[in-house]
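Results of the structural survey
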Amino acid sequence: MSDSRRRIIAGNWKMNCSRAEAIQLASAIVADSNLNNNVEMLICIPHIHMADISKLLINSKIYLGAQDAHWESSGAFTGEISSSMLADYQVSHLLVGHSERREMFADDDSRVAKKFAAALNYGLKPILCIGESLEQRKQEMTLEVLKSQCQAVVDVVGINAFSQAYVAYEPIWAIGTGQTATPEQAEQVHAEIRAWFAEQSKDIAAQLPILYGGSMNAANAEDLLAQDNIDGGLIGGASLKVEDFLKIYSAAG
Ligand code: PGA
């Protein structure tokens, strides 16, 4: 982590929690967290719980995020919801291009770029998720894959839009597998992503928070977050356990 960049610990609840469980989890996070002004805490929750949880967070400094949204603001898109609807619930951040969406819900680079642009348009901060598969890593294609995922968004919104966004590097092989990238592996990739952004704009690259995601937990967070170019974490499984999530948050402080 660098002192000059914003630090972020973000939970990604994915498709978990009944209504009662969501309220319980968010209430415990609010009650037990000891927030530090230098580190942003964010929870990206299922859409259905936005109304309940946005009320719970109202007097806290914890940010509310969503996991996906359509690129149009309204229309005949059965089953979808838009960034403008999320903004009505004080949602401030939006994950775009999570690998589970890319792999299972046909979120290709062009859709990801449109979702990113729509989020910005409605005042949500997009968190662009990028990551390579195990196969791509074995074929030494990691950087090529990550660059093309970033380029597709830069082509649509321009480099300066990244002054209002974060990037999350999530190697697919590390997500939900318990197999974390080592701090050195993650740092190398983060430094290379930042160098790629610096080729387009040194200022943007210098301030762009790049989070790591993929089996980050209470035991490995400190070592990952100690790396110069790792500015925070996007946490799945461990974000559903209050104690673990708060330990990870403290490790960023
Ligand atoms: P994980 O998920 O922490 O459970 O690996 C991370 C993510 O998918 O954002």
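Below you will find a few notes about this structure. (Residues numbered from 1 in each chain as written. Predicted model: local features only at pLDDT ≥ 70, side-chain atom pairs only at ≥ 80, totals over all residues. Heavy atoms only, no water.)

**Topic: the sheet that holds strand 1 (residues 7-12)**
The eight strands lie next to each other as 1-2-3-4-5-6-7-8, forming a closed barrel whose pairing is parallel. On average, each strand axis in the sheet is tilted by 25° relative to the strand beside it, whichever way the strands run. Note that strand 3 (residues 63-66) and strand 4 (residues 93-96) share two bridges and pair parallel. Across the sheet, residue Ala-66 finds its bridge partner in strand 4, namely Leu-94. (Pairing = 2+ DSSP bridges. Helix = DSSP H or I, 4+ residues; strand = E, 2+ residues; numbered from the N terminus. Axes fitted to C-alpha atoms, helices over the stretch in contact; angles between N-to-C directions.)

**Details of the site of the ligand**
Close contacts around the ligand come from 13 residues, with Lys-14, His-98, Glu-170, Gly-176 and Ser-215 the closest. For the ligand, an oxygen atom lies 2.7 Å from a polar atom in the side chain of Lys-14. Residue Gly-176 places a main-chain N or O atom 2.7 Å away from an oxygen atom belonging to the ligand. Burial of the ligand by the protein amounts to 95% of the accessible area it has alone, namely 290 Å². Most atoms of the ligand, that is more than half of them, are within 2 Å of grid points of the second largest pocket. (Near = heavy atom within 4 Å. Polar contact = N/O pair within 3.5 Å; in protein donor to acceptor, adjacent residues only side chain to side chain. Areas by Shrake-Rupley, 256 points an atom, 1.4 Å probe, with all protein chains shown as cover. 1 Å grid on protein atoms, 1.4 Å probe; cavity = no way out; pocket = protein on both sides within 12 Å on 5 of 7 lines; lining within 4 Å. Sits in = over half its atoms within 2 Å of the grid points.)

**Examining the pattern of salt bridges**
Evaluated as defined, the whole model comprises 12 salt bridges. With its nearest N and O atoms 2.9 Å apart, the salt bridge here joins Arg-102 to Asp-109. Note on Asp-109: relative accessible area 28%, which makes it partly exposed. Lys-247 serves as the salt-bridge partner of Glu-243, at 3.7 Å between the closest nitrogen and oxygen. Taken as a pair, Glu-243 and Lys-247 lie in helix 11 (residues 242-251) at a separation of four residues, close to a single helical turn. Residue Lys-247 is classed as partly exposed on the basis of its relative accessible area of 44%. (Salt bridge = Lys/Arg side-chain N within 4 Å of Asp/Glu carboxyl O. Buried < 20%, exposed > 50% of the residue type's maximum accessible area, 1.4 Å probe, protein only.)

By themselves, these are just geometric observations and shouldn't be taken as functional.
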